[in-house]
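Architecture at a glance
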Amino acid sequence: MSSTNLPTNLQYMLTSLLGAEHANQLSDLLQIPASTLRPRADTVSRIEIAQALNMLLFEKLLKAVPQGNDYVQDSVRAGNKIRFDHGALRTVLGISTGTLPSGEAAFTRILRPLGYQVNGIYPLQRISMTGRAYAHEDDAEEIAQFFLSELHPHHFSSEFQATVNKVLSTSQDPVDAHSAQLLQQLGNDKALPLADALALLPVLVACFDRQHALPSVAEYQVLLAESAEMAWISTEGNAFNHATDRVANVEQVADAQRALGRAIKEKIEVSRNGRVRQTAFRASTVTRLMRDENGAMVEMKVPGSFYEFISRDRYLDAETQSEKLDLTFDSGNAQGIFKMTASADAASC
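Residues numbered from 1 in each chain as written. Predicted model: local features only at pLDDT ≥ 70, side-chain atom pairs only at ≥ 80, totals over all residues. Heavy atoms only, no water.

**Description of the overall build of the protein**
On a plain count of helices and strands, the protein comes out with twelve helices and 14 strands. Taken over the C-alpha trace, the protein has a radius of gyration of 20 Å; the compact-globule value for 349 residues is 20 Å, and the two agree within 12%. Projecting the C-alpha coordinates of the protein onto the three principal axes gives extents of approximately 60 × 45 × 45 Å. Each of the 349 residues in the protein was classed as buried or not, and the buried ones make up 55%. Long-range contacts, defined here as pairs at least 24 residues apart, represent 71% of the contacts in the protein between residues at least 6 apart. Here the protein displays about 14,500 Å² of accessible surface, and carbon together with sulfur accounts for 49% of that area. Distance from the positive charge centre (32 side chains) to the negative charge centre (41 side chains) of the protein: 2 Å. (Helix = DSSP H or I, 4+ residues; strand = E, 2+ residues; numbered from the N terminus. Rg over C-alpha atoms; globule rule 2.2 N^0.38 Å. Buried < 20%, exposed > 50% of the residue type's maximum accessible area, 1.4 Å probe, protein only. Contact = heavy atoms within 4.5 Å. Areas by Shrake-Rupley, 256 points an atom, 1.4 Å probe, with all protein chains shown as cover. Lys, Arg positive; Asp, Glu negative; His and termini not counted. Charge placed at Lys NZ, Arg CZ, Asp CG, Glu CD.)

Now the structure itself:
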């Protein structure tokens, strides 16, 4: 691979990990922030590593969500690129999680060295969760945010808590000692040697997955009876719950997708300030193998991940008197969108 053919660190990293054709295909899907397109060098900055991770995670989500992939391919054929706004994932706080850190700590150890900081805290009381938005310090408007949620098991019954503990206690931490050291180095230096970045990225991608053993059918039913969100975590873990496309007019996009016969939420979720509007496709249905009461493995159809759309307005910031993009989220919006994974027919929500 010559630096002539791969003029940026970002493209070099993607090509090294995916191969040239695959990397080019992924790059053709997404609007890539100018701040991440830096000339080839032996050292790569945190923002370049963050962008590479975001692109790899976006593609991973598309593989899990056929409707989202169909929409993206339609967009590319029409000459448009996707503006990746944010990815969302779920964690569980204050319970035995094996060797994996509990709650959002499993991801703050990744996000902070990459240059992310908390950009808002969102109580999600109806579903006994707390959401936190993480925006990138170096280019908040253009680098995809992370919406990281924690579920609070102590709000539920003792049987529920015991089941959560049993399921999650099998978790294995994908971050090995060397990767943890690289994250610490990245946090200190805001950069890594290229070879180290290439070693770290697959480990970071692996963190966004299920780290524990699948529940039994009975355990899944106990969790589902009290929390659709925890039932989802039990089968999908820390995978992206959804990835979100920032579009100019979410209403028009929803109408167009509905006309194509795609299962999209009827209601547009609108923030209290009116500047943030969201909707989503219905969650994909996936098949997971679980043990029944006789110990036999059976196929269970459960909700998987989904693809979301968001429109964000610009506004005049009173403090700085400058125009900004509204990067906030809304607790009501989030809880409405989370219903997309509540059940296989959640599109009626």
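What follows picks up the thread again.
**A few points about the sheet that holds strand S2 (residues 84-92)**
Strand pairing in a sheet takes place through backbone hydrogen bonds and is either antiparallel or parallel in direction. Strand order in the open sheet formed by eight strands is S3-S4-S5-S2-S7-S12-S9-S8, with mixed pairing between adjacent strands. The outermost strands of the open sheet, each flanked by one partner alone, are strand S3 (116-124) and strand S8 (269-270). Sheet topology note: the S2/strand S5 (residues 145-151) ladder contains seven bridges and is parallel. Residue pairing for S5: Gly 87 is matched across the bridge by Phe 146. Along the sheet, helix H5 (residues 105-114) contacts S2, S3, strand S4 (129-136) and S5; its crossing angle with S4, the most-contacted strand, is approximately 20°. Across the sheet, helix H11 (residues 250-259) lies against strand S9 (276-280) and strand S12 (306-312), angled at about 15° from S9, the strand it touches most. (Pairing = 2+ DSSP bridges. Axes fitted to C-alpha atoms, helices over the stretch in contact; angles between N-to-C directions.)

**Some words on the pattern of salt bridges**
All chains considered together, the criterion is met by 22 salt bridges. Salt-bridge contacts for Glu 251 lead to Arg 277; the nearest nitrogen and oxygen are separated by 3.4 Å. Of this pair, Glu 251 sits in helix H11 while Arg 277 sits in strand S9, and the two are 26 residues apart along the sequence. You can call Arg 277 buried: its relative accessible area is 12%. (Salt bridge = Lys/Arg side-chain N within 4 Å of Asp/Glu carboxyl O.)

**A closer look at the packing of helix H9 (residues 217-226) against helix H10 (residues 228-236)**
Helix-helix packing is described using two parameters, namely the angle between the two axes and the distance between the axes. Where H9 meets H10, the axes come as close as 6 Å, and the angle between the chain directions of the two elements is 150°. Mapping the contact onto sequence places Tyr 220, Leu 223, Leu 224 and Glu 226 in H9 and Ala 228, Met 230, Ala 231, Ser 234 and Thr 235 in H10. Among the residues forming the contact of H9 with H10, the class breakdown is six nonpolar, two polar and one charged. (Nonpolar A, V, L, I, M, F, W, Y, C, P; charged D, E, K, R; others polar.)

**Some remarks on the pairing of strand S10 (residues 285-291)**
The sheet contact formed by S10 and strand S11 (residues 297-303) spans seven bridges and is antiparallel. Looking across to S11, one finds that Thr 287 is bridged to Lys 301. Between S10 and the antiparallel strand that follows it, S11, lie five residues; Gly 295 among them carries a positive phi value of about 85°.

**Structural notes on helix H3 (residues 46-64)**
For H3, with 19 residues, the first-to-last C-alpha span of 27 Å sits near the 27 Å given by 1.5 Å per residue. In terms of burial, H3 is largely enclosed, as 16 of its 19 residues are buried. (Expected span 1.5 Å × (residues − 1).)

Purely geometric numbers; function is a separate question.
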